[in-house]
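# Topology and contacts: notes
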Amino acid sequence: MPQILVDHSAELDFDRAGLADELHRAVTEVIDTTVAECKTLFRPAAGHRVGDGTTGESVVLVEVKILAGRTAEQRAALTDRVLAVLRSRIGRPAALGVQVTELDRDTYRFVHHPGH
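These remarks concern the structure in this document.

Rules of the game
Each chain carries its own residue numbering, running from 1 in the written order of its sequence. It should be noted that, the model being predicted, local features are given only for residues of pLDDT at least 70 and side-chain atom pairs only at 80 or more, the latter also being counted only at that level, while totals for whole chains, interfaces and linings use all residues. In computing side-chain values, all of the structure's heavy atoms are included and hydrogens and water are not. Partly exposed describes any residue whose relative accessible area lies between the buried limit of under 20% and the exposed limit of over 50%, with all areas from a 1.4 Å probe on protein chains only and scaled to the type maximum. The helix and strand labels rest on DSSP assignments: H or I over at least four residues marks a helix, E over at least two residues marks a strand, and numbering proceeds from the N terminus. Strands qualify as paired when DSSP identifies two bridges or more between them. By convention in these notes, a salt bridge is any Lys or Arg side-chain nitrogen within 4 Å of a carboxyl oxygen on Asp or Glu. Residue count minus one, scaled by 1.5 Å, sets the expected span of a helix. The directions from the helix axis to the C-beta atoms form the arc being described. Whether two residues are in contact is decided by their heavy atoms, any of which lying within 4.5 Å being enough. Pairs of N or O atoms are called polar contacts if they sit within 3.5 Å, as long as, within protein, a hydrogen donor faces a hydrogen acceptor (for residues adjacent in sequence, only side-chain-to-side-chain pairs). We call a set of buried residues a nonpolar core when its members are Ala, Val, Leu, Ile, Met, Phe, Trp, Tyr or Cys and they connect through side-chain atoms within 4.5 Å of each other.

Attention shifts here to the pairing of strand 3 (residues 58-67). With 7 of its 10 residues buried, strand 3 lies for the most part within the structure. Here strand 1 (residues 3-9) runs beside strand 3; their pairing, made up of 6 bridges, is antiparallel. When the sheet's bridge partners are listed, Asp7 is paired in strand 3 with Leu61. The sheet contact formed by strand 3 and strand 4 (residues 94-103) spans 10 bridges and is parallel. What sits directly across from Glu63, in strand 4, is Gln99.

What follows concerns the pattern of salt bridges. In this structure the tally under the stated criterion is 5 salt bridges. Of the charged contacts, one joins Arg43 and Asp7 as a salt bridge, the two residues approaching to 2.8 Å between their closest N and O atoms. Here the residue Arg43 occupies a position in strand 2 (residues 39-45), and Asp7 occupies one in strand 1, the gap between them amounting to 36 residues. The class of Arg43 is partly exposed, set by a relative accessible area of 33%.

Along an α-helix, residues three or four positions apart point the same way, because every turn accommodates 3.6 residues. Given a rise of 1.5 Å per residue, 18 residues ought to cover 26 Å, and the 26 Å separating the end C-alpha atoms of helix 2 (residues 72-89) matches this to within 8%. Listing the buried residues of helix 2 in full gives Leu78, Val82, Val85 and Leu86. Angularly, the buried residues of helix 2 cover 100° about the axis, an arc narrow enough to put them on a single face. Structural note: helix 2 exposes Glu73, Asp80, Arg87 and Ser88 on the side pointing more than 90 degrees away from its buried face. Contacts made by the buried residues of helix 2 are with helix 1 (16-30), strand 3 and strand 4.

Time to look at the side chain of Ser58. Position of Ser58 among the secondary structure elements: in strand 3. At 3.4 Å, the side chain of Ser58 forms a polar contact with the side chain of Glu11. Once residues lying within four places of it in the same chain are set aside, the contact partners of Ser58 are Ser9, Glu11, Leu12, His48, Val50, Arg92, Pro93, Ala94 and Ala95.

Attention now goes to the nonpolar core. Ranked by internal contacts, the top residues of the largest apolar core, which has 23 residues, are Ile4, Leu23, Val60, Val62, Val64, Leu78 and Val82. Of all the secondary-structure elements, those providing two or more residues to this core are strand 1, helix 1, strand 3, helix 2 and strand 4. The greatest single-element share of this core, amounting to 5 residues, is contributed by helix 1. If we ignore the near neighbours within four places in the chain, the residues touching Leu23 are Ile4, Val6, Val82 and Val85.

For the rest of this paragraph, the subject is the environment of Thr40. Mapped onto the elements of the fold, Thr40 is located in strand 2. On the accessibility criterion, Thr40 (23% relative accessible area) is partly exposed. Expressed as a C-alpha distance, the spacing of Thr40 and Val64, which sit 24 residues apart in the sequence, is 9.0 Å. Each residue touching Thr40, except ones within four places of it in the same chain, is listed here: Ile4, Val6, Ala20 and His24. At a separation of 2.7 Å, a polar atom in the side chain of Thr40 contacts the side chain of His24.

Right under this line is the structure:
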């Protein structure tokens, strides 16, 4: 179920597959899910700016979407784990942000569409 959205500066060079693998493992260590249920989408941003633009930092913003029902402590632990993974995987100066959001169990739907 977990959906991981990674928005990042387009010029940032990093191992996306390795980051996704590590994020998927980290999620399963904190909440009751499996690696097979995790999905990560990388979205390079054409432009970014940190502060007044003089730091040269890249930006990586991660949103982890999970089904509602976890405690605040679990969500905070997940945030901390994802941030630790980013720190270990991003090798250049970067502004890092992580947000865990909950999806409503009554209205959220996900399917594997076989195509036409």
